[in-house]
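# Understanding the architecture of this molecule
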Amino acid sequence: MTEKDFLPAPYQHFSKNGKVTWKAPSNIALVKYWGKLANQIPANPSISFTLDACATTTTISYQKKEGNTGGFSFDLLFEGKPKTDFKPKIETFFNRIADYVPFLKEYDFTIETSNSFPHSSGIASSASGMAALSLCLMEIEKQLNPEMDEMFFSRKASFLARLGSGSACRSVEGDLIQWGKHPQIPSSSNLYGIKYPFEVNPIFKNYHDTILLVHKGQKQVSSTVGHDLMHGHPYAEKRFQQAFDNLDNLKSIFAEGNLQDFIKIVESEALTLHAMMMTSMPYFILMKPDTLEIINKIWKYRSESKVPICFTLDAGANVHVLYPESVKEKAIQFIQDELVAHCENGHYICDRIGVGAKKIMGKK
Ligand code: DP6
């Protein structure tokens, strides 16, 4: 599909008002998206586990405007309170998607949003937030164009979400989502995420992600700034090629359930992401001493116990500890005995691979 396919046909009718609610999960990348071109086109393909517990729930109430003022009209409530500092981000998002959802200018909106995880946890909510918002907008569009099929609904929701935040396009469906054109993945696209189309061994079902909250403060570098630092980065081209190769190599690893090789790719991707930040200009170290302590303890434990537990990182100090369902008890025991001491106030979140976003309500 191309961008043009997401431009809607003229709407058949306009509802006067209504209310829709969607809940969208966060996701954790195994092969990382880091570096982008214009219009939120990724510099390399990526793949992620959709999560389950970490999610954003968004409700949009809409009311047809009396006259068309030409601009966007919306109020924003975050966890029940007006949140003016989120408004510019939504305004930018609306500007980017206006051609694809022209009804945006026809209504007054109230957007209410809340996260399942504490705001202060240092977990980014942009992926789940932009996905939930996009799904609500698609729910409204579906009311204006009722014959829309499910496949188009999800694709366009992912397409819109990407224009809000790249990784958000991987937060619409589950459980393993790939985004970015890859020559060996036939239906892959730079415009939206797809369900991973190849065989996946059952060992990856119910995979766990325990998120260790090492540092809950604001991120030192926003991902937008981080992506930008890949322009002119001395190692950028090699890094992008590595992501393509890692996706190639994952094909047989996913099919065979080869956890040893899975772990090598996942941990290498996490460290490469941070290596890119350490070697950009300006340069950053986003890991904290506790991040490194945790990584070393995971390596020691894995080599001694042979339990296939590994880590990945996002663009911050928190550590995602990944392990299959079959070693759940051992892994949790190890995390509690050895790793929780490195978390800020001992806080961590138990999450696992999930099935994707859910409609909570959609009525006229
Ligand atoms: C390190 O999707 O947050 O989490 O497109 O600028 O909103 P924008 O960036 P964002 O970048 C995510 C980067 C990452 C890796 C990943 O999720 O693939």
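Residues numbered from 1 in each chain as written. Predicted model: local features only at pLDDT ≥ 70, side-chain atom pairs only at ≥ 80, totals over all residues. Heavy atoms only, no water.

A common way to express how large an interface is: the accessible area buried when the components associate. Considered domain by domain, the chain is made up of domain 1 (3-199) and domain 2 (205-352). Measuring from the centre of the C-alpha atoms in domain 1 to the corresponding centre in domain 2 gives 26 Å. Each partner contributes to the roughly 3300 Å² buried at the junction of domain 1 and domain 2, and carbon and sulfur atoms together form 69% of this total. It is Leu30, Lys32 and Trp34 in domain 1 that bury the most area against domain 2; as a group they hold 24% of the surface buried on that side. (Domains from an automatic or database assignment. Buried area = accessible area lost by both parts, 1.4 Å probe.)

For helix 1 (residues 87-97), the full list of buried residues reads Ile90, Phe93, Phe94 and Ile97. In an axial view of helix 1, the angular spread of the buried residues amounts to 100 degrees, which keeps them on one side of the axis. Of the exposed residues in helix 1, those oriented more than 90 degrees away from the buried face are Pro88 and Asn95. Buried residues belonging to helix 1 abut strand 5 (73-78), strand 7 (107-115), helix 2 (126-144) and helix 3 (150-164). (Buried < 20%, exposed > 50% of the residue type's maximum accessible area, 1.4 Å probe, protein only. Helix = DSSP H or I, 4+ residues; strand = E, 2+ residues; numbered from the N terminus. Arc of directions from axis to C-beta. Contact = heavy atoms within 4.5 Å.)

By the element assignment, Ser46 lies in strand 4 (residues 46-64). Relative accessible area serves as the criterion here: at 0%, Ser46 is assigned to the buried category. One polar contact links Ser46 to Arg170, side chain to side chain, over a distance of 2.8 Å. (Polar contact = N/O pair within 3.5 Å; in protein donor to acceptor, adjacent residues only side chain to side chain.)

It is worth spelling out the pairing of strand 12 (residues 319-323) at this point. Across the five residues of strand 12, five count as buried, placing the element largely inside the fold. Here strand 12 shows two buried faces, one formed by Val319, Val321 and Tyr323 and the other by His320 and Leu322. With five bridges joining them, strand 10 (residues 208-212) and strand 12 adopt antiparallel strand pairing. By the bridge assignment for strand 12, Asp209 is matched with Leu322. In this sheet, strand 12 lies alongside strand 11 (residues 310-313) in antiparallel orientation, the contact comprising four bridges. The partner of Cys310 across the bridge, within strand 12, is Leu322. Once strand 11 ends, the chain turns through five residues before running back antiparallel as strand 12. (Pairing = 2+ DSSP bridges.)

Now for the sheet that holds strand 11. Strand order in this open sheet of four strands is 11-12-10-13, and the pairing throughout is antiparallel. This sheet does not close on itself; its edge strands, each paired only once, are strand 11 and strand 13 (348-352). Pairs of neighbouring strands in the sheet enclose a mean axial angle of 25 degrees, with direction left out of account. Where helix 6 (residues 259-278) meets the sheet, its contacts fall on strand 11 and strand 12, and the angle it forms with strand 11 comes to roughly 30 degrees. (Axes fitted to C-alpha atoms, helices over the stretch in contact; angles between N-to-C directions.)

Take the packing of helix 1 against helix 3 next. Closest axis-to-axis distance for the helix 1/helix 3 pair is 9 Å, and the angle between their directions is 130 degrees. The orientation of helix 1 relative to helix 3 falls into the category oblique. The chirality of how helix 1 crosses helix 3 is right-handed. Packed against helix 1, whose contacting residues are Phe93, Arg96 and Ile97, the element helix 3 presents Leu160, Leu163 and Gly164 at the interface. Of the residues belonging to the contact of helix 1 with helix 3, the class tally is four nonpolar, one polar and one charged. (Parallel < 35°, antiparallel > 145°, perpendicular 65-115°, else oblique. Left-handed = near helix turned anticlockwise from the far one by under 90°. Nonpolar A, V, L, I, M, F, W, Y, C, P; charged D, E, K, R; others polar.)

What follows is about the site of the ligand. Around the ligand, the structure places 15 residues, and the nearest of them are Tyr33, Ser165, Gly166, Ser167 and Arg170. Between an oxygen atom of the ligand and a side-chain N or O atom of Ser165, the distance comes to 2.6 Å. Burial of the ligand by the protein amounts to 91% of the accessible area it has alone, namely 460 Å². Looking at the shell around the ligand, the element that brings in the most residues is helix 4 (residues 223-228), giving three residues. In terms of residue class, the shell around the ligand is made up of five nonpolar, seven polar and three charged. Composition of the shell around the ligand by domain shows at least three residues from each of domain 1 (3-199) and domain 2 (205-352). (Near = heavy atom within 4 Å. Areas by Shrake-Rupley, 256 points an atom, 1.4 Å probe, with all protein chains shown as cover.)

Turning to empty space enclosed by the protein, a few remarks are in order. Counted according to the given criterion, the structure contains one cavity of 30 Å³ or more. Roughly 30 Å³ of internal volume is contained in the largest cavity. If you trace the largest cavity, you find it lined by Phe49, Asp175, Leu176, Val200, Phe204, Lys205 and Ile353. Taken together, the residues that form the lining of the largest cavity break down as five nonpolar, no polar and two charged. (1 Å grid on protein atoms, 1.4 Å probe; cavity = no way out; pocket = protein on both sides within 12 Å on 5 of 7 lines; lining within 4 Å. Points joined across faces, edges and corners; volume = space filled by probe spheres on them.)

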